[in-house]
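So you can see what is in the structure, the chains are spelled out below.
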Amino acid sequence: MSEELSPQTAELFRQGYEKLCAEIGRRIVGYSSVVDQVLTALFAGGHVLLEGVPGLGKTLLVRTISEAMDLSFHRIQFTPDLMPSDITGTTIFHEDDHGGRRFQFEPGPIFAHLVLADEVNRATPKTQSAILEAMQERSVTVSGTTHSLPAPFWVLATQNPIEMEGTYPLPEAQVDRFFFKVDVALQGEEELLGIIQRTTGDDEIVVTPALNRDEITRMQHTVRQVLVAEFVQRYAARIALGTHPDSPYATDMTKRFVRYGASPRGVQTLILGAKVRALLGGRFNVSCEDVREVAKPALRHRIIRNFEAEAENINPDSVLDKLMDSIVEPAA
């Protein structure tokens, strides 16, 4: 039986979350929704795919989060010539000062608490699979030996949705391993003014740790303690099922434009993300509104559109908007 969530524990979660957001906000201008979605995924224990054109600050955001969390951080720049061993590490022949010889494992950059997989779709599928396997298993196997990755372990991957030349788009089964897919868009005039003021002068903005590893681990455990009533579970299940064109909950838009919908991972993501939102709202129970709030980042990358949808430029968010308008909340 799960441990009961106390008001003090919930309040500590909210304080830690707000403290972390404030520290990130010292360097990152705007993007409050993006930061919120990324942190929701991290505290729920999931990885994040950030999609946006170059120059929007995705790399800076990930680095800032790692500094504010006092975690080890490695950036892997994905290129077509990157090999799996460049990520996981390799076994080398080592000779010590006394003439002794042995094979020794040299860890790769995947061995960090927070890993930035920059432009993940530029590497070949063989290399992509190396980091995606680590995301799923939270360990790597080299030369028959399994090495556990540090805990907590997160991958934040970026990809450019416009430039497709020389890229290897992630297969749907691999994209499904990301907890959230977060769209990063160009900011407005006021935000750009803030960026100019903070980054074109000679003042260096130093981010200090707001949370340590033990605090982060406790906050992740707190998320798991939030209760979810059966009618909310049923609501989340209906939304996930409604992304499939052959489901009784599918809308006409889903039936027309969707080839395949969300996997069971999708409904798990809905519930875990909603638990974080409930805590931030000062509640110990998840509401249907919490589920709706995380539905787009949780499901948009799990909806496989058909040719007609791509031809008419129908995006997954439009399908989800229509779906959530049609799903009636079950009776409590």
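One structure accompanies this document, and this report is about it. The structure displayed is predicted, hence computed values, not measured ones.

Reading the values: rules and limits
Residues numbered from 1 in each chain as written. Predicted model: local features only at pLDDT ≥ 70, side-chain atom pairs only at ≥ 80, totals over all residues. Heavy atoms only, no water. Helix = DSSP H or I, 4+ residues; strand = E, 2+ residues; numbered from the N terminus. Buried < 20%, exposed > 50% of the residue type's maximum accessible area, 1.4 Å probe, protein only. Contact = heavy atoms within 4.5 Å. Pairing = 2+ DSSP bridges. Axes fitted to C-alpha atoms, helices over the stretch in contact; angles between N-to-C directions. Expected span 1.5 Å × (residues − 1). Parallel < 35°, antiparallel > 145°, perpendicular 65-115°, else oblique. Left-handed = near helix turned anticlockwise from the far one by under 90°. Nonpolar A, V, L, I, M, F, W, Y, C, P; charged D, E, K, R; others polar. Core = buried A, V, L, I, M, F, W, Y, C linked by side-chain atoms within 4.5 Å. Salt bridge = Lys/Arg side-chain N within 4 Å of Asp/Glu carboxyl O. Phe/Tyr/Trp six-rings, centres within 6.5 Å; stacked < 30°, edge-to-face > 60°.

## As for the environment of Cys-288
Okay, step 1: Within the element layout of this structure, Cys-288 appears in helix α12 (residues 288-299).
Okay, step 2: Look at Cys-288 and you get buried, because its relative accessible area is 4%.
Okay, step 3: For Cys-288 and Val-155, which are 133 residues apart along the polypeptide, the C-alpha to C-alpha distance reads 28 Å.
Okay, step 4: Those residues in contact with Cys-288 that lie beyond four places of it in its chain are Phe-231, Val-232, Tyr-235 and Glu-329.

## Some remarks on the sheet that holds strand β5 (residues 114-118)
Okay, step 1: The strand order across the open sheet formed by five strands is β2-β5-β8-β1-β9, and the pairing between neighbours is parallel. Across the chains shown, the open sheet's two edge strands, defined by having one partner strand only, are β2 (73-77) and β9 (180-183). Pairwise comparison of adjacent strand axes, ignoring direction, gives a mean angle of 20° for this sheet.
Okay, step 2: In this structure, β2 lies alongside β5, joined through five bridges in parallel fashion. Among the inter-strand pairings, His-74 is bridged to a residue of β5, identified as Val-115.

## Some points on helix α5 (residues 125-137)
Okay, step 1: For α5, spanning 13 residues, the distance from its first C-alpha to its last is 18 Å, which sits close to the expected 18 Å at 1.5 Å a residue.
Okay, step 2: Among all positions in α5, only Thr-127, Gln-128, Ala-130, Ile-131, Leu-132, Ala-134 and Met-135 are buried.
Okay, step 3: In this fold, the buried residues of α5 make contact with β2, α4 (84-88), β5, β6 (139-142), β8 (154-159) and α6 (172-175).
Okay, step 4: Phi for Arg-138, located one or two positions after α5, is positive at around 55°.

## Examining the packing of helix α1 (residues 7-25) against helix α8 (residues 213-225)
Okay, step 1: Their axes nearest at 10 Å, the elements α1 and α8 cross at an angle of 130°. Between α1 and α8, the angle is such that the two are oblique. Taken as a pair, α1 and α8 cross one another with a handedness that is left-handed. Where α1 abuts α8, its residues Thr-9, Phe-13, Gly-16 and Tyr-17 lie against Met-219, Thr-222, Val-223 and Gln-225.
Okay, step 2: Tallied by class, the residues present in the contact of α1 with α8 amount to four nonpolar, four polar and no charged.

## Some remarks on the nonpolar core
Within soluble globular proteins, side chains that are nonpolar generally end up buried alongside one another.
Okay, step 1: Ranked by size, the top nonpolar core spans 72 residues in total, and within it Leu-39, Phe-43 and Met-69 carry the most contacts.
Okay, step 2: Sequence-distant contacts of Met-69, that is, excluding residues within four places in its chain, are made with Leu-20, Leu-39, Leu-42, Phe-43, Trp-154, Leu-211, Asn-212 and Ile-216.

## Some details on the pattern of salt bridges
Okay, step 1: Tallied over the entire structure, the rule returns 19 salt bridges.
Okay, step 2: The salt bridge partner of Asp-118 is Arg-75, with a shortest N-O separation of 2.7 Å. You can see Asp-118 sitting in strand β5 and its partner Arg-75 sitting in strand β2, a full 43 residues away along the chain.
Okay, step 3: A relative accessible area of 6% means that Asp-118 is categorised as buried.
Okay, step 4: Residue Asp-183 is joined to Arg-300 by a salt bridge in which the shortest nitrogen-to-oxygen separation is 3.5 Å. Here the residue Asp-183 occupies a position in strand β9, and Arg-300 occupies one in the loop between α12 and β11 (304-305), the gap between them amounting to 117 residues.
Okay, step 5: Owing to a relative accessible area of 35%, Asp-183 belongs among the partly exposed residues under this scheme.
Okay, step 6: Judged by relative accessible area, which is 11%, Arg-300 ranks as buried.
Okay, step 7: One connected set of salt bridges, linked through shared partners, spans Asp-36, Arg-277 and Glu-293.

## Description of the packing of aromatic side chains
Aromatic rings in a pair are described by how distant their centres are and how their planes are angled relative to each other.
Okay, step 1: Under the defined criterion, the tally for this structure stands at four aromatic pairs.
Okay, step 2: A ring pair is formed by Phe-13 and Tyr-17, whose centres lie 6.2 Å apart and whose planes are at 25°; its orientation type is stacked. Of the two residues, Phe-13 and Tyr-17 are both situated in helix α1; the distance of four residues between them amounts to about one turn of the helix. Here Phe-13 matches Tyr-17 in class, with each residue buried.
Okay, step 3: Between Tyr-17 and Phe-43 the ring centres are 5.8 Å apart and the planes differ by 45°, which places this aromatic pair in the tilted class. Taken together, the residues span a long stretch of sequence, with Tyr-17 in helix α1 and Phe-43 in helix α2 (residues 32-43) at a distance of 26 residues. Per residue, the accessibility class of Tyr-17 equals that of Phe-43, and both read buried.
Okay, step 4: Within the aromatic cluster, the residues linked to one another by ring pairs are Phe-13, Tyr-17 and Phe-43.

## Focus on α2
Okay, step 1: Taking 1.5 Å per residue as the helical rise, α2 with its twelve residues ought to reach 16 Å, and the 16 Å between its terminal C-alpha atoms agrees with that figure.
Okay, step 2: Counting buried residues in α2 gives nine out of twelve residues, a clear majority hidden from the surface.
Okay, step 3: Within α2, burial applies to Val-34, Val-35, Gln-37, Val-38, Leu-39, Thr-40, Ala-41, Leu-42 and Phe-43.
Okay, step 4: The positive-phi residue at the C-terminal boundary of α2 is Gly-45, with phi of around 90°.

## Thoughts on unusual backbone geometry
Okay, step 1: Here the bond from Ala-151 into Pro-152 is cis, since omega is 0°, no more than 30 degrees from zero.
Okay, step 2: In this structure, Pro-152 sits in the loop between β7 (145-148) and β8.
Okay, step 3: A positive phi angle is found at Glu-119, which is not glycine, with a value near 55°.
Okay, step 4: For Glu-119, the position within the fold is in the loop between β5 and α5.
Okay, step 5: For Glu-119, a relative accessible area of 23% puts it in the partly exposed group.
Okay, step 6: Its identity as a non-glycine residue notwithstanding, Arg-138 has a phi of 55°, on the positive side.
Okay, step 7: Mapped onto the elements of the fold, Arg-138 is located in the loop between α5 and β6.
Okay, step 8: Residue classification places Arg-138 among the partly exposed residues on the basis of a relative accessible area of 31%.

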